[in-house]
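Close look at the chain arrangement
Residue strings, one per chain:
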Amino acid sequence: MSEEEMPRPSTGAVDAELCALLVMPDGSVVPVSTRLGYRPDDPYAVRATFRLGGDRAAEWFFARELLREGLLQPVGIGDVRLRPAWHQGQHMVQIVLTRPAGRADLMFPWPVVTEFLQRTDAVVSPGTEHVHVDLDAQLMHLLAEH
């Protein structure tokens, strides 16, 4: 394994608390308390947890690279689509999540997402994710489920 491929020492999970804006059909926005999460043992994925009030929450997982690309240009197909956006003079990242039951159009503050991604890069450098995945354990887990 080359020095480039050597995993950086893991400092653990990376989390960011933010206020996402849920864009309603009439164009108004509703704040939604949101947590972005990243774990070095699942180095390709970002978890977004949306607190919906009370004990209710919704979780979505999507690729870290998709989030990174969505800062700069429209990306995604299917259930998760991202693009840069502006809201009241603030740079945002628009994330559209689609399920058969409906669609959620959310905006995240661009600076918070950028800082979150920088912190994930300090834990797992982009391009070295494969070194952090225990393929044997993943395969055993998949086979044990069936």
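Residues numbered from 1 in each chain as written. Predicted model: local features only at pLDDT ≥ 70, side-chain atom pairs only at ≥ 80, totals over all residues. Heavy atoms only, no water.

**Some points on the sheet that holds strand β5 (residues 80-87)**
The test is simple: Only when DSSP finds a minimum of two bridges between them are two strands counted as paired. Segments assigned H or I by DSSP are reported as helices when at least four residues long, segments assigned E as strands when at least two residues long, and all are numbered from the N terminus. Lines fitted to C-alpha atoms define the axes, with helix axes restricted to the stretch in contact, and inter-axis angles between N-to-C directions lie between 0 and 180 degrees. Any two residues having at least one pair of non-hydrogen atoms within 4.5 Å are treated as being in contact.
Here seven strands make up an open sheet; going across it, the order is β4-β3-β2-β1-β7-β6-β5 and the pairing antiparallel. A strand with exactly one partner marks an edge of an open sheet, and here the two such strands are β4 (56-63) and β5. Here the average twist between neighbouring strands, direction ignored, is 30°. In this structure, strand β6 (residues 90-99) lies alongside strand β7 (residues 102-109), joined through eight bridges in antiparallel fashion. Among the inter-strand pairings, Val-93 is bridged to a residue of β7, identified as Phe-108. Where helix α2 (residues 110-123) meets the sheet, it contacts β1 (14-23), β2 (29-38), β3 (45-53), β6 and β7, and its direction lies at approximately 155° from that of β1.

**Re the environment of Met-24**
Cut-off, in case you're wondering: The buried label applies to any residue whose accessible area, calculated with a 1.4 Å probe on protein chains only, is under 20% of its type's maximum; exposed applies above 50%, and partly exposed to all values in between.
As for its position among the elements, Met-24 is in the loop between β1 and β2. The partly exposed category is assigned to Met-24, whose relative accessible area is 31%. C-alpha of Met-24 to C-alpha of Leu-106: the two residues are 82 residues apart in sequence and 9.1 Å apart in space.

**Things to note about the environment of Gln-94**
Where we set the bar: Here a polar contact is taken to be a pair of N or O atoms separated by no more than 3.5 Å, where protein atoms must pair a possible hydrogen donor with a possible acceptor and residues adjacent in sequence count only if both atoms sit in side chains.
Here Gln-94 shows up in strand β6. Using a relative accessible area of 10% as the deciding quantity, one classes Gln-94 as buried. Setting aside residues no more than four positions away along its own chain, Gln-94 makes contact with Arg-81, Leu-82, Arg-83, Ala-85, Asp-105, Leu-106 and Met-107. Reaching out from Gln-94, the side chain makes a polar contact with the side chain of Arg-83 at a distance of 2.5 Å. In terms of polar contacts, Gln-94 uses its side chain to reach the side chain of Asp-105, at 2.7 Å.

**With respect to the pattern of salt bridges**
Quick note on the threshold: Counted as salt bridges are all cases of a side-chain nitrogen of Lys or Arg within 4 Å of a carboxyl oxygen of Asp or Glu.
The tally for this structure, following the rule as stated, stands at nine salt bridges. Between Arg-64 and Asp-121 there is a salt bridge, with its nearest N and O atoms 3.3 Å apart. Residue Arg-64 is located in helix α1 (residues 64-70), and its partner Asp-121 is located in helix α2; the two are separated by 57 residues in the primary sequence. As a salt-bridge pair, Arg-119 and Glu-115 come within 2.9 Å of each other at their nearest N and O atoms. Placement of the pair is Arg-119 and Glu-115 together in helix α2, with a separation of four residues, close to one helical turn. With a relative accessible area of 31%, Arg-119 lands in the partly exposed category. Take Glu-115: its relative accessible area is 36%, and that puts it in the partly exposed class. One network of salt bridges, with partners in common, ties together Arg-64, Glu-65, Arg-68 and Asp-121.

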